[in-house]
Amino acid sequence: MKFKSVFDMNFPGCYAAGKLVENGTEKAVFASEREGDGKIISLDLEHFKTCTLAESPGGCMNVISLPGDEAGFLAIQRFFPVFQSEDAVIVWGWKADEGYRYKEVQKLPFVHRIEVIHYQGEDLLIAASLCGSKRYQDDWESPGSIYAGTIDYTSRSITGFHVICDGIIQNHGLTRVEKDGVPGVLASGKCGVFLLSPSERAGCDWEKQSYIGTPASDAVVVDIDEDGQWEMGVISPFHGDRFQIYKRTGEIWRVVYELPGKHEFGHAIWGGMLNGRPGFIVGFRGGGMESYLILSEDGEYKAHLIDQGTGAANITVVHSNGCDYVCAANRQSDRCTVYQIYI
């Protein structure tokens, strides 16, 4: 299995990799964490043409497509390296006749990840703050929290924004999941990996279910061996050097695979369907700065090198024009790169 770069562009500070839906077509989105001139751009994967969505202020950690707003998105801005993020904010971007416009919809210090889930007829914004405050780079005394609020498409605002889980040290990972038909988010921090989902029980807004207690930086789930049950891919510890796959036996999650070799600064992670097959992608920002696709083949987990020397901060897969594209925000090499698989 080989990966071919079909698009590669110099993009200083490239940190976020997401997607945007316009006229039913998915486009890749890349964004920079640079202060002042950190852009957000979209990429048409049919013609490989870019469009600038925002010129500033930068510090973009995350871009999420809004299902109820044609070509609209939410993004985190003003989260500047390294952890200079007291003024971080969530913005709403939308397409107008004169180009893209945006407005600030929620201020949240150190907001690091956002997701959108649909529950009981409403779209909910889920936002996670990395920490509560910082005095210096390695200060983790103030824990982060996870918040939820209702997305109001008429006024382009977030209402009822409130804490749904707090006390999370190194609150780094957040990804949308659905379990037994109920949407939620998989979160990770020093306390491990846990699932948050809306609850219908009186007096309980959200339910928290712990999966593992091992400190984790990021986690995603996919049924990689297609046995009808989730497997969980985890980077550990915080910005860690290990990628492991966990499988659930009864109520216990056990490690069934660890990526071989020596790695540093694990950061990019993705799980889902790629070319009709379930898999995990993991990327490292240190050491050899590699990224890998892990598949289940003939009853074994096998890692396929996507690229090296690139240092991806985030990776996603975008489906367009009948193809699946691996879209990498290669932060350490200041590039945004798109790959296709060739067997």
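Residues numbered from 1 in each chain as written. Predicted model: local features only at pLDDT ≥ 70, side-chain atom pairs only at ≥ 80, totals over all residues. Heavy atoms only, no water.

A look at unusual backbone geometry
Geometrically, the link from S56 to P57 is a cis peptide bond, its omega value of 5° lying close to zero. On the secondary structure map, P57 appears in the loop between β5 (49–54) and β6 (63–65). Residue P237 is bonded to the preceding S236 through a cis peptide linkage, with omega at -15°. The backbone phi angle of H239 is positive, close to 50°, even though this residue is not glycine. On the secondary structure map, H239 appears in the loop between β19 (231–236) and β20 (242–249). (Helix = DSSP H or I, 4+ residues; strand = E, 2+ residues; numbered from the N terminus.)

Quick look at the packing of aromatic side chains
Taken as a whole and assessed by the stated rule, the structure comprises 10 aromatic pairs. Ring geometry for Y211 versus W253: centroids 5.0 Å apart, planes at 35°, classification tilted. Here Y211 is found in strand β17 (residues 206–212), whereas its partner W253 is found in strand β21 (residues 252–258), with 42 residues between them in sequence. When sorted by exposure, Y211 lands in the same class as W253, which is buried. Counting every residue linked through ring pairs, the aromatic cluster contains F7, F48 and Y325. Looking at K134, its charged tip hangs above the ring of F83, at a distance of 4.7 Å from the centre. The cationic tip of K208 hangs over the ring face of F194; the distance from NZ or CZ to the ring centre is 4.5 Å. (Phe/Tyr/Trp six-rings, centres within 6.5 Å; stacked < 30°, edge-to-face > 60°. Buried < 20%, exposed > 50% of the residue type's maximum accessible area, 1.4 Å probe, protein only. Lys NZ or Arg CZ within 6 Å of the ring centre and 35° of its normal.)

Overview of the sheet that holds β19
With antiparallel pairing, 4 strands are arranged side by side in an open sheet as β18-β19-β20-β21. Unpaired on one side and paired on the other, β18 (218–222) and β21 mark the two borders of the sheet. Direction aside, neighbouring strands of the sheet carry axes that sit 30° apart on average. Summarising the sheet, β18 and β19 pair through 5 bridges and their orientation is antiparallel. Bridge pairing links V220 to G233 in β19. (Pairing = 2+ DSSP bridges. Axes fitted to C-alpha atoms, helices over the stretch in contact; angles between N-to-C directions.)

Examining the side chain of Q244
By the secondary structure assignment, Q244 is in strand β20. On the basis of relative accessible area, Q244 is assigned to the buried category, the value being 9%. Polar side-chain contacts of Q244 include one of 3.0 Å to the side chain of E258. The residues touching Q244, leaving out its near neighbours within four places in the chain, are M232, G233, V234, S236, V255, Y257 and E258. (Polar contact = N/O pair within 3.5 Å; in protein donor to acceptor, adjacent residues only side chain to side chain. Contact = heavy atoms within 4.5 Å.)

Remarks on the layout of surface pockets
Put simply, the largest pocket is a space of about 1,100 Å³. Surrounding the largest pocket, 41 residues form its lining, E115, T175, R176, W270 and T316 being those nearest its centre. Elements supplying a minimum of two residues to the lining of the largest pocket: β2 (14–22), β6, β10 (111–119), β14 (173–179), β18, β22 (264–274) and β26 (314–320). Tallied by class, residues from the lining of the largest pocket come to 21 nonpolar, 12 polar and 8 charged. Looking at the second largest pocket, its volume works out to about 300 Å³. As for the second largest pocket, its lining consists of 20 residues, and the residues nearest its centre are V82, F83, H239, F265 and R285. In the lining of the second largest pocket, the residues fall into 11 nonpolar, 5 polar and 4 charged. (1 Å grid on protein atoms, 1.4 Å probe; cavity = no way out; pocket = protein on both sides within 12 Å on 5 of 7 lines; lining within 4 Å. Points joined across faces, edges and corners; volume = space filled by probe spheres on them. Nonpolar A, V, L, I, M, F, W, Y, C, P; charged D, E, K, R; others polar.)

Here we look at the pattern of salt bridges
Applying the stated rule across the entire model yields 19 salt bridges. Here R331 makes a salt bridge to E33, at a shortest N to O gap of 2.6 Å. Taken together, the residues span a long stretch of sequence, with R331 in the loop between β27 (323–330) and β28 (335–342) and E33 in the loop between β3 (25–32) and β4 (40–44) at a distance of 298 residues. Taken as a pair, R331 and E33 share a single burial class, namely buried. Three or more residues are tied together by salt bridges with common partners; here these are D225, D227, E231 and K247. (Salt bridge = Lys/Arg side-chain N within 4 Å of Asp/Glu carboxyl O.)

Considerations on the environment of E115
With respect to the helices, strands and loops of the structure, E115 is situated in strand β10. With 125 residues separating them in the primary sequence, E115 and G240 have C-alpha atoms 23 Å apart. Among residues more than four places away in sequence, those in contact with E115 are I64, L124, L125, I126, L174, T175, R176 and V185. Looking at E115, its side chain comes within polar contact range of the side chain of R176, at 3.1 Å.

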